[in-house]
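Chain by chain, the residues:
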Amino acid sequence: MDEELTAEYSEPCGQCAAVDWGVSDGGHFFCKNCHNVIEKTKEVFDESTLHSKNSRISALKKSKRKREEDDREWMVCEGFQFILKHQAKALVSLGVCMKFETEVVWNFWKRYLQSTRQAFTETPVYTPRFTVYSKKKKKSESEPDIQSELSYHGSSEATSDNSGALSCSGYTSEGQSSLESALYRHSFPLMTMPRTLALCHLALLWVREAITLTDLLRLVSERRVPYIDIQDVFPQEMRLFGRDVEFFRVRKLPLYSVIHREALLLAKIMKLPSFPTVSQDCLLHPLPLTVRYLLEANLPDALHVWVHKVIKGAGMDDDSYLTFDPNRESPHLVCYEIEAVAVIIVTMKLLFKLDDHVEWKISEAAQKKKKEVFRLNRWFEIVQSALEKARQNEEREEALRKWKPTNPFITSLGRKHLIMKKRRVADFLEHRFRRLSDPAPEQLPSTTKPHSSFRFSWGNEEGSDGPSMYNSRLDCIFSKDGVRYLANQKYWHPELRLCVSKSCGDHFPEVEPWLPRMYSWVLDLFSFILGVRQAEVHKAVLDVERRFLRRSHSAFKWTYKSLQNEKVKSKKKKKSISS
């Protein structure tokens, strides 16, 4: 196309002396070799005035497109509706049930629009809107309006018609973004990009799917769920401009704590009823969820017996505790995956203590036995090498990740030419460097491999991260005088008192240097598996310890002395009954 437009212009470039011209979107000539822009513009011939003296017209500037009768106006909330539609479809394609998209997400979105008075109400609020030009032919007055692809199960109602509309090409009559975008930005309950994931998380919890919040964020990171570069998903006739792009621009991946907090806020705004009960047949229950993370961390299956005792002792198997009810005075949304790994860590502290001394003594004693049993030192060596390799692969994927979108947002008319030129230069340099380094373009492994819920693969197969220890025998119980007790005689824990001030922040950076190194390494392992910060896992461990030690410290016996006393009491009770 550029060759046809520049065929008659053979002047060399003033900077590099090359004759390789191209035409930009604005009609300006630029050198493809050095990207120098000259005053020359493409020439347009008008056939109606072909024989006149002024037959050659220089198109110095694109004419603004006038708004047609069949062009319609779209509100910003309908852009988020389009995003939610594609996010729901992506999750359904990954195995989520069909009613997640057709019933749950749509009902939640409708309830949200009604609660924030953006639609489905007699007194709608004034929300920003922008114009999307239709490429279809004009319809007759009697022909009904054709619903656009963006209208998802009955689009939102339009509000007042006196807004400064923003066209898809990015221009209003004054070349500015819509005035209502500033109002939308300062409206607290209105939708944002992180809240789209929070709404999907609530919908997944409602249908009791096994996809946790950390799984959802990992799917977003792997770009299997639309979130990054969302403008590439929008149709061509819907282009955003000015302040409105800030609603849909994503500069970084969302944090777990942010999405969890937004989910609580959305549930409060929508006034949702109590969610379906999280019972043992649900994969979000701690019992099946801990099995998953025992497999992930290459820990023995025999450890789950003790994990079950900790769950029961802490009262974490209670349906009222696990089920989310937004109507409570202080609603609590359980972080199911973080609490599941916290229970495993508490169980490991019970069995091995993890104080940099006892766990190695127990491992040395197990190594002297003839039977093959689980040894913590061998487990550490296997998992540590796999963890370092996984971190390197993650850093490599992060380095290969493209944060610049294919279709960049245009924030102002004055910067459009500069933005498009930077995009061309970046694409040109990337193409040249790829040809110098590797002729075949390298893709992210996360996008080429099939999705897996596990970060590690343990076993003897080719490509596995190391030998599996899932079926190893757990030998951490001693027997003396007919009493079976744990090898670890003491349990340590940090300060469990809660801070009085609500404004008190996270204390993990302060206490982390004083924690045992083995305990810190276990925190690091599970935080990498979940993709969250160590501080969040440590906080969940403290919560489990508070519940467990407060409720079951006297009932859960694991030392020789406590079990011996319990045995004596039971004998006395039997004698009193017999007498």
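Please read these numbers as outputs of a predicted model, since none were measured by experiment.

1. Description of the environment of Trp 360
And step 1. Along the chain, the position of Trp 360 falls in helix α12 (residues 358-368).
And step 2. Beyond its immediate chain neighbours, meaning those up to four positions away, Trp 360 contacts Leu 376, Asn 377, Phe 380 and Met 518.

2. Re helix α2 (residues 76-93)
An α-helix turns once per 3.6 residues; consequently, residues spaced three or four apart project the same way.
And step 1. Across its 18 residues, α2 extends 26 Å between first and last C-alpha, which sits within 8% of the 26 Å expected from 1.5 Å per residue.
And step 2. By the criterion of burial, α2 is predominantly enclosed, with 15 of the 18 residues buried.
And step 3. Just past α2, the residue Gly 95 takes up positive phi, approximately 120 degrees.

3. Comments concerning the confidence of the model for the protein chain
And step 1. For the protein chain, the average pLDDT comes to 76, and 68% of its residues sit at 70 or higher.
And step 2. Across residues 44-71, confidence stays below pLDDT 50; counting only partners more than four residues off in sequence or on other chains, it has 42 contacts.
And step 3. Contacts of residues 130-180 to residues separated by more than four positions or lying in other chains number 129 contacts, the stretch itself having pLDDT below 50.

4. As for a nonpolar patch on the surface
And step 1. Judged by side-chain polarity, Leu 429, Phe 433 and Leu 436 come together as a nonpolar surface patch covering roughly 360 Å² of accessible area.
And step 2. With respect to the helices, strands and loops of the structure, Leu 429 is situated in helix α14 (residues 413-437).
And step 3. Using a relative accessible area of 41% as the deciding quantity, one classes Leu 429 as partly exposed.

5. Regarding the pattern of salt bridges
And step 1. The final tally for this structure, using the stated rule, is eleven salt bridges.
And step 2. A salt bridge links Arg 218 to Glu 222; its shortest N-O distance comes to 3.3 Å. By the burial criterion, Arg 218 is buried, and Glu 222 matches it.
And step 3. Taking the shortest distance from any N to any O, the salt bridge between Arg 455 and Glu 394 comes out at 3.5 Å.

6. A short note on the packing of aromatic side chains
And step 1. What the rule picks out here adds up to 15 aromatic pairs.
And step 2. Aromatic pair Phe 380 and Trp 521: ring centres 4.7 Å apart, planes at 65 degrees, arrangement edge-to-face. One end of the pair, Phe 380, is in helix α13 (residues 376-400); the other, Trp 521, is in helix α17 (residues 517-530), with 141 residues separating them in the sequence.
And step 3. Among the residues examined, Phe 380 registers a relative accessible area of 25% and is labelled partly exposed.
And step 4. Here Trp 521 falls in the buried class, since its relative accessible area comes to 10%.
And step 5. Ring pairs connect the aromatic residues Phe 352, Trp 360, Phe 374, Trp 379, Phe 380 and Trp 521, which therefore count as one cluster.

7. Brief notes about α12
And step 1. Three or more residues of α12 are buried, namely Val 358, Glu 359, Ile 362, Ser 363 and Ala 366. Angularly, the buried residues of α12 cover 135 degrees about the axis, an arc narrow enough to put them on a single face. Looking at α12, the residues exposed on the side facing more than 90 degrees away from the buried face are Lys 361 and Lys 368.
And step 2. Residues of α12 that are buried make contact with α11 (336-352), α13 and α17.

8. Focus on empty space enclosed by the protein
A probe as big as a water molecule, rolled over the atoms, marks out the empty space that is left.
And step 1. Counted under the stated rule, the structure contains three cavities of 30 Å³ or more.
And step 2. Roughly 50 Å³ of volume is contained in the largest cavity.
And step 3. Considering the residues around the largest cavity, the lining is formed by His 201, Leu 204, Leu 205, Glu 209, Ile 211, Thr 212, Leu 213, Leu 284, Tyr 336 and Glu 337.
And step 4. At three residues, the largest contribution of residues to the lining of the largest cavity is made by helix α5 (residues 193-206).
And step 5. Here the lining of the largest cavity is built from residues that sort into six nonpolar, two polar and two charged.

9. What to know about unusual backbone geometry
And step 1. Backbone geometry places Asn 298, a non-glycine residue, at a positive phi of 60 degrees.
And step 2. Within the fold, Asn 298 resides in the loop between α8 (286-296) and α9 (303-314).
And step 3. A positive phi is found at Lys 353, a non-glycine position, where the angle reads about 75 degrees.
And step 4. Along the chain, Lys 353 turns up in the loop between α11 and α12.
And step 5. Using a relative accessible area of 14% as the deciding quantity, one classes Lys 353 as buried.

10. Some thoughts on the nonpolar core
And step 1. Formed by 134 residues in total, the largest nonpolar core has its most connected members in Leu 91, Phe 100, Trp 109, Leu 202, Leu 299 and Trp 379.
And step 2. When residues of this core are assigned to their parent elements, the largest contribution, 13 residues, is made by α11.
And step 3. Not counting the four nearest positions on each side in its chain, Trp 109 is found in contact with Cys 77, Phe 80, Gln 81, Leu 84, Met 191 and Leu 199.
And step 4. Among the nonpolar cores identified, the runner-up in size contains six residues, and Cys 13, Trp 21, Cys 31 and Ile 38 belong to it.

11. So, the side chain of Arg 375
And step 1. With respect to the element layout, Arg 375 can be found in the loop between α12 and α13.
And step 2. Dropping the residues within four chain positions of it, Arg 375 is found in contact with Ser 363, Ala 366, Gln 367 and Met 469.

12. Some details on the side chain of Lys 349
And step 1. The residue Lys 349 is located in helix α11 in this model.
And step 2. A relative accessible area of 1% places Lys 349 in the buried class.
And step 3. Excluding residues within four positions of it along the chain, Lys 349 makes contact with Leu 354, Asn 488, Tyr 491, Trp 492, His 493, Pro 494, Tyr 519 and Glu 545.

13. So, the environment of Ile 230
And step 1. With respect to the helices, strands and loops of the structure, Ile 230 is situated in the loop between α6 (213-221) and α7 (256-270).
And step 2. Distance in space between the C-alpha atoms of Ile 230 and Ile 83 is 7.6 Å, their sequence separation being 147 residues.
And step 3. Apart from the residues lying within four places of it in its own chain, the contact partners of Ile 230 are Ile 83, Met 193 and Phe 248.

14. Quick word on the packing of α8 against α9
And step 1. Contact geometry of α8 with α9 gives a least axis separation of 10 Å together with a crossing angle of 145 degrees. As α8 packs across α9, the resulting crossing turns out to be right-handed. Residues Pro 286, Leu 287, Thr 290, Val 291 and Leu 294 of α8 lie in contact with α9, whose contacting residues are Leu 303, His 304, Val 307, His 308 and Ile 311.
And step 2. Its residues assigned to classes, the contact of α8 with α9 comprises seven nonpolar, three polar and no charged.

15. With respect to the environment of Glu 359
And step 1. As for its position among the elements, Glu 359 is in helix α12.
And step 2. Overall, Glu 359 belongs to the buried group, its relative accessible area being 0%.
And step 3. Placed 129 residues apart in sequence, Glu 359 and Asn 488 show a C-alpha to C-alpha distance of 8.5 Å.
And step 4. Apart from the residues lying within four places of it in its own chain, the contact partners of Glu 359 are Phe 352, Lys 353, Leu 354, Leu 376 and Met 518.

Calculation criteria
Residues numbered from 1 in each chain as written. Predicted model: local features only at pLDDT ≥ 70, side-chain atom pairs only at ≥ 80, totals over all residues. Heavy atoms only, no water. Helix = DSSP H or I, 4+ residues; strand = E, 2+ residues; numbered from the N terminus. Contact = heavy atoms within 4.5 Å. Expected span 1.5 Å × (residues − 1). Buried < 20%, exposed > 50% of the residue type's maximum accessible area, 1.4 Å probe, protein only. pLDDT = per-residue confidence, 0-100. Patch = residues over 30% accessible without salt bridge, like charges linked within 9 Å, V, L, I, M, F, W, Y side chains within 5 Å. Areas by Shrake-Rupley, 256 points an atom, 1.4 Å probe, with all protein chains shown as cover. Salt bridge = Lys/Arg side-chain N within 4 Å of Asp/Glu carboxyl O. Phe/Tyr/Trp six-rings, centres within 6.5 Å; stacked < 30°, edge-to-face > 60°. Arc of directions from axis to C-beta. 1 Å grid on protein atoms, 1.4 Å probe; cavity = no way out; pocket = protein on both sides within 12 Å on 5 of 7 lines; lining within 4 Å. Points joined across faces, edges and corners; volume = space filled by probe spheres on them. Nonpolar A, V, L, I, M, F, W, Y, C, P; charged D, E, K, R; others polar. Core = buried A, V, L, I, M, F, W, Y, C linked by side-chain atoms within 4.5 Å. Axes fitted to C-alpha atoms, helices over the stretch in contact; angles between N-to-C directions. Left-handed = near helix turned anticlockwise from the far one by under 90°.

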